[in-house]
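Chains, contacts and geometry: an overview
Spelled out from the first residue to the last, the chains are:
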Amino acid sequence: MTDAAGALSPESQAGTTQLRGFRALEVDLRLFGMVAALVAILVGFGIATGGRFLSPVNLMNLTVQSISVAIIATGMTLIIVSRNIDLSVGSIVGVVGMAQVLLMTQIIPNAIGYEHPATWIIALVAGVLIGGLIGAFPGGIIAYVGVPSFVVTLGGLLAWRGVTFGITQGVTIAPVDPVFRLLGGGPRGSIGGTASWIVGIVICVAVIALLVYNRRRRRQFGFALRPRWAEAALGVVGCAIVLGLIYIANSYLWPPALARQWSQQTGLPIPEGGIQSGIAWPVLVLLAVTLVMTFIATRRRFGRYVFAIGGNPEAAELAGIDTRWTIMKTFILIGLLCGLSAAITAARIDGATLDLGAGYELYVIAACVIGGTSFAGGIGTIPGAVLGALVMAALSYGLSFIGLVGPIQDVVAGIVLVTAVGFDTVNRRRTG
Amino acid sequence: MSIRRMAAFLTIAAIAFTACTGTTPSAAPASVAGPSAVTPSVAPSPADEFVVGISWNNYDQPRWACCDGPGIKEVVTAAGGRVIETVAANSNEIQLSNIDGLIAQGMDVLILLAKDPDAMTSKLAELKDLGIPVIGYDRLVDNPDVFYLTFDNQGVGRIMAEVITGLVPKGNYAVIKGHSQDPNADFLRAGMETVLTKFPDIKIPAGCEDYSDNWNTENAKNNMTACLAATNNDIQAVLSENDSMAGGVISALSDVGLRIPVSGQDGDIPALNRVALGTQSVSVWKDSLQLGRVAGALAIQLYEGKALNELVAPDTIAAYAKPPLGSAAVEFQADKNKVWSITLNPNPVLIANLNEPIESGWADGVVGAGKGKAAVCAGVTDTTAVPACG
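Definitions and limits used
Residues numbered from 1 in each chain as written. Chains lettered and ligands numbered in written order. Predicted model: local features only at pLDDT ≥ 70, side-chain atom pairs only at ≥ 80, totals over all residues. pLDDT = per-residue confidence, 0-100. Contact = placed C-beta atoms within 7 Å. Bend = angle between axes of the 7 residues up to and from the residue. Helix = DSSP H or I, 4+ residues; strand = E, 2+ residues; numbered from the N terminus. Buried ≥ 20, exposed ≤ 12 C-beta atoms within 10 Å, placed from the backbone. Pairing = 2+ DSSP bridges. Axes fitted to C-alpha atoms, helices over the stretch in contact; angles between N-to-C directions. Right-handed = clockwise from strand over helix to strand, strands pointing away. Expected span 1.5 Å × (residues − 1). Nonpolar A, V, L, I, M, F, W, Y, C, P; charged D, E, K, R; others polar.

In the predicted model, chain B carries a mean pLDDT of 86, and the fraction of residues at 70 or more is 88%. Across residues 15–44 of chain B, where pLDDT falls below 50, the model places 57 contacts with residues more than four positions away in sequence or in other chains.

All names here are of chain A. When the local axis directions of helix H4 (residues 89–112) are compared, the greatest deviation, roughly 50°, occurs at Leu103. The buried fraction of H4 is high, at 17 of 24 residues. Immediately beyond the C-terminal end of H4, within one or two residues, lies Gly113, with a positive phi of roughly 110°.

With that settled, consider the sheet that holds strand S14 (residues 347–349) of chain B. All names here are of chain B. Read from one edge to the other, the open sheet built from 3 strands follows the order S10-S11-S14, with strand pairing classed as mixed. Each having just a single partner strand, strand S10 (263–265) and S14 make up the two edges of the open sheet. Each strand of the sheet is rotated relative to its neighbour by a mean of 25°, with strand direction disregarded. Pairing analysis gives 3 bridges linking S10 to strand S11 (residues 282–285), with the strands arranged parallel.

Moving on: the pairing of strand S3 (residues 109–112) of chain B. Side-chain positions along a regular strand alternate between the two faces of the sheet. All names here are of chain B. Judged by which residues are buried, S3 turns out to be covered on both faces: Val109 and Ile111 on one side and Leu110 and Leu112 on the other are all buried. Alignment of strand S1 (residues 51–56) against S3, held across 4 bridges, turns out to be parallel. Its bridge partner being in S3, Gly53 is matched across the sheet by Leu110. In this sheet, strand S4 (residues 134–137) lies alongside S3 in parallel orientation, the contact comprising 3 bridges. In the sheet register, Ile111 faces S4, and the bridge partner there is Ile135. In this view, the connection linking S3 to its parallel neighbour S4 by way of helix H4 (residues 121–130) has right-handed handedness.

Residue and element names in this part refer to chain A. A rise of 1.5 Å per residue sets the reference length of helix H10 (residues 281–299), with its 19 residues, at 27 Å; its end C-alpha atoms lie 27 Å apart and thus fit the reference within 8%. Looking at H10, one finds that the buried residues are Trp281, Pro282, Val283, Leu286, Val289, Met293 and Ala297. Where H10 is buried, its residues meet helix H3 (56–81), helix H11 (301–311), helix H13 (323–349) and helix H15 (382–401).

Attention shifts here to the interface of chain A and chain B. How large an interface is tends to be reported as the accessible area lost when its parts come together. With 55 residues of chain A at the interface, the matching set in chain B holds 52 residues. For the side of chain A that touches chain B, the elements supplying multiple residues, two or more each, are H3, helix H6 (149–168), helix H9 (256–266), H13, helix H14 (360–370), H15 and helix H16 (406–431) of chain A. By residue class, the composition of the side of chain A that touches chain B is 28 nonpolar, 21 polar and 6 charged.

Turning to unusual backbone geometry, a few remarks are in order. Residues A:Ala174 and A:Pro175 are joined by a peptide bond in cis, for which omega reads -10°. Relative to the helices and strands, A:Pro175 is located in the loop between H6 and helix H7 (193–221). For B:Asp138, which is not glycine, the phi dihedral falls at a positive 70°. Counting through the fold element by element, B:Asp138 comes out in the loop between S4 and strand S5 (146–151). Despite not being glycine, B:Asn233 shows a phi value in the positive range, around 65°. Mapped onto the fold, B:Asn233 is located in the loop between helix H7 (217–231) and strand S9 (237–240). The partly exposed category is assigned to B:Asn233, around which 18 C-beta atoms lie within 10 Å.

Another point: the pairing of strand S13 (residues 338–344) of chain B. Where burial is concerned, most of S13(B) is hidden: 6 out of the 7 residues are buried. Between strand S12 (residues 330–333) of chain B and S13(B), which pair antiparallel in sequence order, lie 4 residues.

What follows is the structure, given as structure tokens:
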């Protein structure tokens, strides 16, 4: 590797070209377009409600509402990219959520005692592992037996919902452990003002470090460099966006009633100017999942294999990729993510119902598709899927917020979905 | 929430496109096949045996397995009869073939909870020709030959509103309604309205009345959250149409530190627990064990050859469930026809009468024998305030 780089460098150093103008920023235009669409939707609702929609509390609400779907969508992207589909995610969320709450309300208290401090972590880890195991099962059938994923996971959609019913005979169980509940967000489930600034600064430093590192690597391998102004612009804009979002999150103060309650419980006075909510715990989880999944998808061999299989399965197999094991791993991965998503959903509603996660498969697939994942395979990005989930949550929350109820809401949402994907399809055809 | 609906079309389209497996799409989405979703293929019973067939629409709520079914069985088997249960997993086709199976097994009376009563029209005509009487259980079948046995559904909304307005006679209300395409959601709302019109100082702010798809807890929480954001948390009471949505509502309220009166319906165990803990004011409870027992008694009367207008509810059922209009069948004006009906009384469960769902065996029936009271009373420390938990 070093040899090759060394051999290349003199020549390419000389020939190093710099991109000019806007292209120098090397912004992913598709992703940029999606962000623009999201902003347009938010601003549109903002105008329709005289600005009330853009209040920090609304922005936090709709973000938290998108998270369960967004987390699974990061895994679904890899599944769809490799030309498969998973219709069973909603039912897996249901069965894992029910198992987690059952662990917290009955099994763990019986084993190690009521309100044990380790309750939440046992339930969380067990849930995620159960999800992975559940995912391995259809994954194995699809990869090694060769049954189409559509059929296998359609079976899963029915069967796992039945298992969920079987666990408690359809009875709703509640409540979840108090620490576990933090995963559901809300003012109490947020990390507070100071911690949020720290997170913001850490992300900011990471963005700059990444830019510096990439520039060094590019020089090392003799790739085209961005002009200095472009690097600086990316760093400044990136940091400004991150810190701006933190500022918005921090400007949501605990509602007075909640602050009074907290003050009574802890005996502490309410700080001057109120208590800042900051970033919700589930948002941090989603952030971590997005980073890890993006890393896996773009920087790890597994991720490359998935895209290679999606691009051309036969070629991938002939190239020596263990396609079956790779496919099975994508299903284990989505199972793990379903476990995590189930925890967040159960925490949000403070319990588990029979219909926990019902219909998620449709939401998740729609998020991936809106996010630019192609059903033909080989194309798709993790951040796109997360943005897709946000777009849908924004639409759903916004339509409800402006008072469009019931059937009209369905019609509007349907038109917007098809328009969004249609626009993207036409755009892709034009640009190639 | 609405995106789910729309996305459902996507998937069903996808099913049609890709699979072509012959699966009925209507059976596919998130339906639960109960213990006997498939038509039982047992040999026809001897002609002299008294057989009651039940055709459930689904087994999605615990009530069918815990209470309605056992209530019917208890009465019918005591009279020497036999009950065969079938579950249609929310599919009209499955329900029709279930009924065919029951006919083949020599059923004498059918207890029917129709997925879609209109889809049953020709089957009901066939049953009439066969001389098999039908009891429409819990859901109206607009057909003069079908008896209508139910709880006073319009009364449920009225009772909820009465309890909550009794606690909060003025201020901002939120109304969290059920599934937009379920007529019950609007029945309940209409019942509420009969009470709310008497309180001019009660307002429902914009953004505080919405349907929650599939009566889903998460959707209800999202609706409540949006309402709180729209009003800057200025809400004094919430009318939630059932208990599982009340769970989402109360979670949203506690997120912002509010503790205000909330209604619910169904007598779900977590909801009864919330009543005990004081976070939910009322759960309007339809004791389906009593409904099942009445259905069993009516089936026996029909087997004995009584006509629909001669049916009488037994006086052995619990006092709180006794028909408000009297035990004898009365005529009910449905959209098209007059049908004979008996209507049981829904029971608002408050802290004061929390003992009723515990003592009737309802709580045990849902969570398991001997565990009902503990589940309802979980976390209650002050038993003088909650006598039922003492």
